[in-house]
Structure formats: structure tokens, C-alpha cells
Amino acid sequence: MMVLGSGTASLSPPARFVWNALMHPDLHPHNRGFAWPVMFQDAPPPRVVESSEFDRVVWSSPWPTVPEVLVQFDLRPNTRLRWTLLAHAPTPSLQTIEWLRAQASHLVNVDLRSALGH
């Protein structure tokens, strides 16, 4: 798989809370009854494709226009979260890759932070 982009964020909650939120994108972390990622209209939340307890979660694509992309989340000590966009060949266009990077950054730095209350 090819890496299309990655980024990091430092989050306030303990890693286990972040990991649980990533494991359940169909449920708000504070049990408010709705999914925490802000999804496009009529798009289902991503599926968990792979995980390793408290340190790694891989999602199917949350973007219907690019279903072949995976999003890998790696949690490190002090709740450092790295997101990585992965795809098989052929590579999406540069414009699509830039859009995906911005979407992944927003997903972590806005949606996830907001859902966790930080």
C-alpha cells in the first residue's frame, strides 16, 4: 500500500478513550446517540478493518468518492495520534490526495476533538 499522507495530533484524553472512540465511529464517545465523525450526507460511518488494543485502528474509507482509501490511526504515549492515509495503486490525483489530507486533518483535529470534549 502507498502512503498518501499523514499527520499527528496531541489529544487531552487518555489513549484508551481515544482508542474507544476510533473503535466505535458509529457512536458518539459521550453516548449522545449519534456518530462522532461528521459524515457526508447518506454516507455510512467507516468500518473498523483492523485494530490492536489501545494503539492502532484502521478504518475503511469514510469518503464514498474514494472507497479504496484506508485511514490508519496509531496511538502513542501521551495520547499522540498519527493518522495515515493508505491506498493501493493506482494513485488518486494530486487534487484528490490534497483533499483527503485536509479531510483527515479535519476528522482528527475538529471532529474527534469536539466529540471527546477537548
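Residues numbered from 1 in each chain as written. Predicted model: local features only at pLDDT ≥ 70, side-chain atom pairs only at ≥ 80, totals over all residues. Heavy atoms only, no water.

Q: Give a detailed account of the sheet that holds strand 4 (residues 70-76), specifying residues and quantitative values.
A: With antiparallel pairing, 5 strands are arranged side by side in an open sheet as 1-5-4-3-2. Looking at the sheet topology across the chains shown, the edges are occupied by strand 1 (2-10) and strand 2 (48-52). On average, each strand axis in the sheet is tilted by 15 degrees relative to the strand beside it, whichever way the strands run. Bridging between strand 2 and strand 3 (residues 56-59) involves 4 bridges; their strand directions are antiparallel. By the bridge assignment, E50 is partnered in strand 3 with V58. Each of strand 1, strand 3, strand 4 and strand 5 (80-87) touches helix 2 (residues 94-116); the most contacted strand, strand 5, lies at about 150 degrees to it. (Pairing = 2+ DSSP bridges. Helix = DSSP H or I, 4+ residues; strand = E, 2+ residues; numbered from the N terminus. Axes fitted to C-alpha atoms, helices over the stretch in contact; angles between N-to-C directions. Contact = heavy atoms within 4.5 Å.)

Q: Describe in detail the packing of aromatic side chains, supporting the description with residues and values.
A: All chains considered together, the criterion is met by 3 aromatic pairs. Ring geometry for W63 and W99: centres 6.4 Å apart, planes at 70 degrees, overall edge-to-face. Note that W63 is positioned in the loop between strand 3 and strand 4 and W99 in helix 2, a separation of 36 residues in sequence. Under the relative-accessibility criterion, W99 is labelled partly exposed at 31%. (Phe/Tyr/Trp six-rings, centres within 6.5 Å; stacked < 30°, edge-to-face > 60°. Buried < 20%, exposed > 50% of the residue type's maximum accessible area, 1.4 Å probe, protein only.)

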